[in-house]
2 protein chains.
Amino acid sequence: MEKTGYSKTAVKILEASLPLFAAHGFNGVAMRDIANTVGITAAALYNHFPGKETLYLRALEYAFADKVTNFADSLSAAEGLHGRLTCMIGFWVETLAGDVVLRSLLQREMSDADEQRLQLLLDRLFASVYLSSRDTLLALAGGRMDAHLLFFTILGMVLSHFQLAPIRRRLPGSLPAHEEVEVITRHLVTLLRDGVTTTP
Amino acid sequence: MEKTGYSKTAVKILEASLPLFAAHGFNGVAMRDIANTVGITAAALYNHFPGKETLYLRALEYAFADKVTNFADSLSAAEGLHGRLTCMIGFWVETLAGDVVLRSLLQREMSDADEQRLQLLLDRLFASVYLSSRDTLLALAGGRMDAHLLFFTILGMVLSHFQLAPIRRRLPGSLPAHEEVEVITRHLVTLLRDGVTTTP
DNA sequence: GTCTATAGCCGGATAGAC
DNA sequence: GTCTATCCGGCTATAGAC
């Protein structure tokens, strides 16, 4: 129930365009494709958005809206090393695992984003989560490790798991269990807690 | 000094196209762009490659050729937990840090690769490194952690560091030192060894 | 606000001279 | 093996009727 200021058709256009942009990228989607999905003609799109570039930017904004609600609260409520790590890992796993569109857009933007779109990602997703996590990470590992790098290492561990999944699946040792979010979360939390060492 | 079977011009075309494809993606590069970079016309490209799709595939093959020489030897020569982790992390850091083109292509392929191109990445880069690493990881952490997942977690930690760098740089706490490969390698090895815990 | 029609451009690919 | 010239299809965007 958000106040976006978009007309009903404009929202339909944004929601229709997002899976297309996610799957094929900006250059891989034609205005006709979006229009067909909505059920109108390409010309009608220009009544709602001035051009393709703007439509893409609005779609990105729309996709990344309201993704970080109450992360800060959950994190400050979590107790102990294990609880806080699980909270941080869990946030990213849940944000990324369920939403293929968000994940693909994010992945594409990491290759292609210009200054403006990077700023959008920062404002809508990364900045607030980073600021919430940083103090926790400093407290947990500040003595031994760089908290700034650590935040991105944690994010990267989760993100890359999804990115690399198509490659991982094709290598020996892959199991159906490796797709489950609980298994992945537990794997990452265990690694962050104690490292790989068999004998501590 | 490799035997590729390509004429001198064909090699020039491949080498000219790679930075373009890396920077702008398949759809973002015109045959005319490649031709201009080489210094010939677009029509002349078709004397060397039957079409754009094939040219892209050959360019990918070319980019990923000979990237894993003697990793297996280095790994088996490494001694101790620390030495082996450093070897594995170091391989990926070195492979990815120095080569922006390879990194961008890899990143784009992880979004867009079809069956054929995924197989190419597996054959040229991932399969052999994975097989060399797996036994080591099993021996190091087999009792506590899933070696299959662990391989991709390690790869992902390195890869995502470069991917996320544009975002990381814009957040408070970023330092010039965070760009240095030694700093990154040490950070990751420390984390993998012992986890984040301040008090072991 | 949507349609049809179309302008104007660009991209991949081909023909044929040299 | 490279060139010039060109075809043809697809793309964004606009004009104007309804």
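The rules we used
Residues numbered from 1 in each chain as written. Chains lettered and ligands numbered in written order. Predicted model: local features only at pLDDT ≥ 70, side-chain atom pairs only at ≥ 80, totals over all residues. Heavy atoms only, no water. Helix = DSSP H or I, 4+ residues; strand = E, 2+ residues; numbered from the N terminus. Buried < 20%, exposed > 50% of the residue type's maximum accessible area, 1.4 Å probe, protein only. Polar contact = N/O pair within 3.5 Å; in protein donor to acceptor, adjacent residues only side chain to side chain. Contact = heavy atoms within 4.5 Å. Near = heavy atom within 4 Å. Least-squares fit on C-alpha atoms with pLDDT ≥ 70 in both.

A. Quick peek at the side chain of H148(A). Counting through the fold element by element, H148(A) comes out in helix α9 (residues 147–169). By relative accessible area, which is 4% here, H148(A) ends up buried. In terms of polar contacts, H148(A) uses its side chain to reach the side chain of R168(B), at 3.4 Å. Setting aside residues no more than four positions away along its own chain, H148(A) makes contact with Y130(A), R168(B), L171(B), P172(B), G173(B), S174(B) and H178(B).

B. Looking closely at the protein's contact with DNA strand D. Contacts to DNA strand D come from 16 residues, most closely from M31(A), R32(A), T41(B), N47(B) and H48(B). Here DNA strand D approaches the protein such that, of its atoms within 4 Å, sugar and phosphate make up 56%. Take M31(A): an N or O atom from its main chain is 2.8 Å from a phosphate oxygen of DNA strand D. In the model, a phosphate oxygen of DNA strand D is placed 2.8 Å from a nitrogen or oxygen of the Y46(A) side chain. Elements supplying a minimum of two residues to the surface near DNA strand D: α2 (31–38) of chain A together with α3 (42–45) of chain B.

C. Local environment of the relation of the copies chain B and chain A. After a rotation of 180° and a shift along the axis of 0.0 Å, chain B superposes on chain A with an RMSD of 0.1 Å. On this basis, the relationship between the two copies can be described by a two-fold rotation axis. Scanning chain B for the C-alpha nearest the rotation axis identifies G195(B), at a separation of 2.0 Å.

All we've got here are geometric facts, nothing functional implied.
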